[in-house]
Amino acid sequence: MKKIKEKSLLQKLERLEAFEERMMIRLENISIRINEYNWLKIFCEVHPIQGTKLIEDIKIECVIYDKEGAILVVDQNYLYEEDFFGFEILEYSFNEAELVDQVGKIRIYPKKK
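Residues numbered from 1 in each chain as written. Predicted model: local features only at pLDDT ≥ 70, side-chain atom pairs only at ≥ 80, totals over all residues. Heavy atoms only, no water.

Caption draft 1: Examining the pattern of salt bridges more closely. Under the criterion given, the structure shown has 9 salt bridges. With a closest N to O distance of 3.6 Å, K3 and E6 form a salt bridge. In this pair, K3 and E6 are both assigned in helix α1 (residues 2–11), 3 residues apart and thus about one turn of the helix distant. When its relative accessible area of 51% is taken as the criterion, K3 is described as exposed. Among the ionic pairs, R26 bridges to E28, the shortest N-O distance being 2.5 Å. On the accessibility criterion, E28 (26% relative accessible area) is partly exposed. The network of salt bridges with shared partners includes K3, E6 and R33. (Salt bridge = Lys/Arg side-chain N within 4 Å of Asp/Glu carboxyl O. Helix = DSSP H or I, 4+ residues; strand = E, 2+ residues; numbered from the N terminus. Buried < 20%, exposed > 50% of the residue type's maximum accessible area, 1.4 Å probe, protein only.)

Structure representation (structure tokens):
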């Protein structure tokens, strides 16, 4: 049952590829896990489009919306140009048991820090 929910949530995930191109990165290998408490974790890898470095510091936001489009929760990770090399794995944690059943859409996208 948990795997079915995870796949269903993954189908609700939306990337903003135009934002990724603008920031010269790609978000890859996105996965969703639900733990024993029904908490939600989202993982992704960040890769530069060219080379092994970022062009600038960036923030990658993950926003979860309900079925009507209202924002439920937001989390973000920061990546710093000087510390980045090759790729980075990001994790977003949402520790609310009721959240899993309220998700209408998940959006993940980069923006300038």
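Moving on from the model shown.
Caption draft 2: The sheet that holds strand β2 (residues 25–34), seen in detail. A sheet is described by the order of its strands in space; here 3 strands give the open sequence β2-β3-β6, paired in antiparallel fashion. At either end of the open sheet lies a strand with only one pairing partner, and these are β2 and β6 (88–94). Along the sheet, successive strands turn relative to each other by an average axial angle of 20°, direction set aside. Pairing of β2 with strand β3 (residues 40–48), which is carried by 8 bridges, proceeds in the antiparallel orientation. Within β3, the residue paired with I34 across the bridge is L40. Taken strand by strand, α1 contacts β2 and β3, and its axis lies near 150° from that of β2. (Pairing = 2+ DSSP bridges. Axes fitted to C-alpha atoms, helices over the stretch in contact; angles between N-to-C directions. Contact = heavy atoms within 4.5 Å.)

Caption draft 3: Up close: the packing of aromatic side chains. Following the criterion strictly, the structure yields 2 aromatic pairs and no others. Ring centres 5.2 Å apart and planes at 40° place the aromatic pair Y37 and W39 in the tilted group. The class of W39 is partly exposed, set by a relative accessible area of 31%. In this arrangement the basic side chain of K105 is found over the ring face of Y65, its NZ or CZ atom lying 4.7 Å from the centre. (Phe/Tyr/Trp six-rings, centres within 6.5 Å; stacked < 30°, edge-to-face > 60°. Lys NZ or Arg CZ within 6 Å of the ring centre and 35° of its normal.)

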